[in-house]
Structure formats: structure tokens, C-alpha cells
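Examination of the molecular architecture
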Amino acid sequence: MPSQSPVPIPPDDLRLLRQALLAAGYTVDGVPTAMSDQAHAALGAGDPAPALRATRDGSPLSTLIRLFLLGRVVAEPACTAALAPLPVASALAMGLLTRQEGGLRALLDVRPYGEPGAGWFVVSDMGGRSGPVSRDHVLGVGGASVTLAQATVRSPVGTALDLGTGSGVQALHLSDHAAAVAATDRNPRALHLAAMTGALSGVRGWELLEGDLFAPVAGRRFDLVVSNPPFVVAPEGRFLYRDSGLPGDEVCRRIVAEVPGYLNPGGTAQLLANWLHVRGADWESRLDGWLSGTGCDALVVQRELQDPAEYAALWLRDSGDDHDPEGDLYASLYDDWLAWFALHRVEAIGFGVISLRNNGSDRPVVSLENHMQPVEQPIGPTLGSWLTRAATLRDLSDDDLLHTPLAVADDVRLEQRAVPGDGWEVVAQTMLQESGLRRRAGIDEFGLMLVAGCTGAQTLAGLLDVLATAYDVDADDLRDDTLPLVRELVRDGYLLLP
């Protein structure tokens, strides 16, 4: 499917379009109200019928929903009314609409986005409703972009970089807490639509730069770098928005290796990534190799795991290849994908978030964790707190830690599993967190006594002396054996420093 070449758009036209969208109530909170919660939920699940039924009144809001969310042909008089004060001729000239039999149809997806009251809009290409999308297709708001937005640390920063901006979703969020935002993409069409996203959202001052990966910002450094890169592991690079053209998961490895050179001291980088689970090698060892030598504290959270067949089918649907009437193209691409996985001994594909912080240490703290359970959203504050604690603990000597009173975090709970016998016999104990990543960890009787004793009323050294007496062990040996566990419990948020 060929795409439309970018057309320069007069700023006044985008200002008028924003005025029309807001006047009609075409906003994050206005659209669900117009359609009903049921119709809005059905549309999100891929069923447009309830939304079509709910938008038959011909109002400006219904017209905009039909145009930009449902992709329907709408009579020109209704479009004229809905887009006023933007003339229809201007909408046609900017590539927003096209004439078809029966009226006008949108060429672009213009979607309200963000928190209620934000007034944001994301401009992207329409999805592949009738066949494969174009090579330079620009993706809109999707599961991956939302995942990264929720995972990003939102502390105020001076400079931020959105690496591979696409339609500008991450740049919008960065604008809320960064004084200056740069955004790059190798796809000129993506930068064109990102510029529309920013202008329609009333956000100004983005620096939009064309080029692959870090090439457009060579020699520069940032306080925060985020990236939703073309991470899909594919046998060939068919689509710019998802396929890097590099073999396997190389693009993600390369970003991890190179991003520290673009971070200011104390700067943070966060990216979505796919990584291969290869027969004969565990995934943690592969990713530990990616992180070796970066000098950054790092937390890798694996959130999903897919088998190769499921993975290939998902991304073929994503690009519209499942609309092949005969099925021959789909079957051929599917076979090629699975053959590539088999050749490279791929057993599964992991997906998750990689967070790094440039703390300038020659002893960086690295943790690779598997968390496929539901987590608290947004998870960004939790990831940021982990990076902060990792740095704090590294700079805290054992002696200082021993002279620190620790307390149990408010969200920590104990879960016990017992079986009937002579009364109830406890056979397993799990310490868990009710917020954040909602970690779960098995714990023995000594660990329970240790955590229970962390009330903030005495130092860790004092508590360990009491436990040494209770267990009749040498106090110095107990300290040496226990300090690594305590550091892990503090790092992961079970125990709190004052």
C-alpha cells in the first residue's frame, strides 16, 4: 500500500484544526462520553459496530469519530461543519482527507490521547484495514508506546531525547517534564506526522532530526533518553516502524551499548526491547553480555514471553498481512519467519523494559528480573526508585549500613501456605509487595525474624546482635552472611533506609 508523501502544512491550518477538534469535544474524555463506555470498549477491542451505531446523529463530534477513529466516508457538508473554522480545502491540501464516492475519508488517524484535560492528539497513518501497510507506515498509539510511557521515570530534567519518535507519543510525555526535547527518526514521514502531533497538541519547540539511531545527535548528551525502537526480530526489514534491518535482536543490543555515551552524569535511559531465548543459553546471560561494559546501573524487567509461532502470527497481523485474500503471501511469510527462528535455535522471544542510569561507577549494579504478573501502573516511579537505591547502596559502606535503622515498607506482606497434619503445618512462606512490581520472594525462618525486627527503632547491627544470641551463632559471622541479603532487600524495596 503506497503512502502519501509529506506535504508542508501551514501552522495556521494546524491551529484551526486544533480549534475545531476541541470545540467539538473530540478529546480523551469527550469521545467515550459520546459513544458510551460499551461502544468505546468495543472499538478498542476491534469491533466498530457499536461505535457506528452511537455516532449516527451527524453532530461534529460524531463526524470526527467516524472520520478519524472509524475510517468511514462522511458526507462533505457534515465534514465542513465538523472541521470549521478549518476549510475542507485546507484539510485536503494537507493530506488529512481525500475525496471518495459519497463524501470524504480521512487519510490520517487523528486520535485524542493523554490524561483528561491534556488536549493532546496523536497523528499517525491508518492501520492496515485492507492489506499490508506501506514500508514507511507510521504507527499511532499502541500497546508498546503505552508500556514505555508508563515505564518512564518522570522526574524533571533539562534535556530529553526520544530515539525513534514515530508519531511522537513519547515526545508528548517528555514535554511535560523536560525543558528541551529532541526527537529522531530515520523515516521522514514519521517526523512529518510527529510535527503534526506536536502542533495539534499545542506543544512547541521539539527538535525533530532525521537519521538512524544516534547519528542525528552525535556528540550530544541528555538527562533522559527513551526509545521504542524497531525491535521486532524478523528475517527481513519490511517496515521501518518495526524492523531495524539488523539481524536478530542486534538493534536493542546496540542501543544498550551506545546509549551511555549520550547520557549526562546521572542521566537515565529507558527502552523497550525484544531479546532472543536461544537453545543452550539462558536469557539472563545474553543480556548480561549486553550490559557489560556500559558502566551503568541497570534493571531489566521481562514482561512477556512468546513462542516463535505466536510471535510471527502477531506481527503479521500487526502489518496487515493477514488480509491476503488467497492466504498465499501470509503462509509464505509465516513459513520464512519460523524457518529463520529454527535456523538460529530460537526457542522464545522475550519482551520488556531496560532501564539504565549513568552513575559513573566501575561497580555498576545490574539485575535481570522476570515479572509477568500484573504490576502497578505507571511503573516508572518504581523503576526510578530502584535505580536510585542501587546507587545509594553502592556508596553505603557495610559499616554505615550496620549503623542504620531499617524499616519494613508499608506494602510488604507475608503469605503462608500450610497443609493439614498435626494442626496446620506451614510448608511455604512468601514475602510479597502489594505495589510496584509486586515482587514475590520465598523466605526462611531467619529471614522472617530479620524483616520483622526492622522496625526503625534500632540499628541493623543491634538487630543482628539480638538474632545472633537467639540462634546461638557468632555475631561477626552472622553479619558477614546477612549483609548481602539485607542489601538485596533494601535494593528491591522490601526494607527502607531512613
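Everything that follows concerns the structure shown earlier in this document.
Each chain carries its own residue numbering, running from 1 in the written order of its sequence. In keeping with the model being predicted, local features are shown solely for residues with a pLDDT of at least 70 and side-chain atom pairs are shown and tallied solely at 80 or more, while totals for entire chains, interfaces and linings include all residues. Where side-chain values are given, they derive from all heavy atoms of the structure, hydrogens and water being excluded.

Another aspect to go through is the packing of helix α5 (residues 60–69) against helix α6 (residues 76–83). Viewed as axis vectors pointing N to C, α5 and α6 meet at an angle of 110 degrees, and their least axial separation amounts to 9 Å. The orientation of α5 relative to α6 falls into the category roughly perpendicular. Residues P60, T63, L64 and L67 of α5 touch α6, and the partners they reach there are A78, C79, A82 and L83. Gly counts as polar in this scheme, as do all residues outside two lists: the nonpolar Ala, Val, Leu, Ile, Met, Phe, Trp, Tyr, Cys and Pro, and the charged Asp, Glu, Lys and Arg. For the contact of α5 with α6, the class distribution of residues is seven nonpolar, one polar and no charged. All axes are obtained by fitting lines to C-alpha atoms, using only the stretch in contact for helices, and the reported angles, taken between N-to-C directions, cover 0 to 180 degrees. Only DSSP runs of H or I covering at least 4 residues are called helices, and only runs of E covering at least 2 are called strands; the numbering of each starts at the N terminus. Roughly parallel covers angles under 35 degrees, roughly antiparallel covers those over 145, roughly perpendicular covers 65 to 115, and oblique covers all other angles. Any pair of residues with heavy atoms lying within 4.5 Å of one another is described as a contacting pair.

For each structure, a 1 Å grid was placed over the protein atoms alone; sets of points admitting a 1.4 Å probe that cannot get out are labelled cavities, open sets with protein on both sides within 12 Å along at least five of seven lines are labelled pockets, and lining residues have an atom within 4 Å of a point. Grid points are joined across faces, edges and corners, and a volume is the space filled by probe spheres set on the points. There is about 430 Å³ of room inside the second largest pocket. In terms of residue count, the dominant contributor to the lining of the second largest pocket is helix α8 (residues 143–151) (three residues). By residue class, the composition of the lining of the second largest pocket is nine nonpolar, six polar and three charged.

Burial of nonpolar side chains together is a common tendency in soluble globular proteins. Counting 76 residues, the largest nonpolar core has F214, W337, I354 and L356 as its most contacted members. The dominant element in this core, judged by the number of residues it contributes, is strand β9 (residues 263–278), at eight residues. The contact partners of L356, leaving out residues within four places of it in the chain, are V256, V259, G267, T268, A269, L271, L291, T294, C296, D297, A298 and L387. Working definition of a nonpolar core: buried Ala, Val, Leu, Ile, Met, Phe, Trp, Tyr and Cys residues. They are joined through side-chain atoms within 4.5 Å. Note on exposure labels: buried denotes an accessible area under 20% of the residue type's maximum, exposed denotes more than 50%, and partly exposed covers the range between, all computed with a 1.4 Å probe on protein chains only. The next biggest cluster of nonpolar side chains, apart from the first, holds 42 residues, and it includes I9, A91, M94 and L193.

So, on to the pairing of strand β6 (residues 178–185). Taken across its eight residues, β6 has six buried, putting it largely inside the fold. In terms of handedness, the path from strand β5 (residues 157–163) via helix α9 (residues 169–175) over to β6 forms a crossover that is right-handed. Two strands make a pair as long as DSSP finds a minimum of two bridges between them. Summarising the sheet, β6 and strand β7 (residues 207–210) pair through four bridges and their orientation is parallel. Counterpart to A182 in the pairing with β7 is E207. If you view a crossover with the strands going away from you and the path from the first strand over the helix to the second runs clockwise, you call it right-handed.

This brings us to the side chain of S62. Inspection of the secondary structure assignment puts S62 in helix α5. Once residues within four sequence positions are removed from consideration, S62 is found in contact with A54, T55 and D57.

Here the focus is empty space enclosed by the protein. For the structure shown, the criterion picks out two cavities of 30 Å³ or more. Size it by volume and the largest cavity reaches roughly 70 Å³. Around the largest cavity, the lining residues are A234, P235, E236, R238, R242, D243, L316, L333, D336 and W337. Per-element tally for the lining of the largest cavity: the top contributor is helix α14 (residues 328–343), with three residues. Looking at the lining of the largest cavity, its residues break down into five nonpolar, no polar and five charged.

From the geometry alone we can't say anything about function, so treat these as descriptive.
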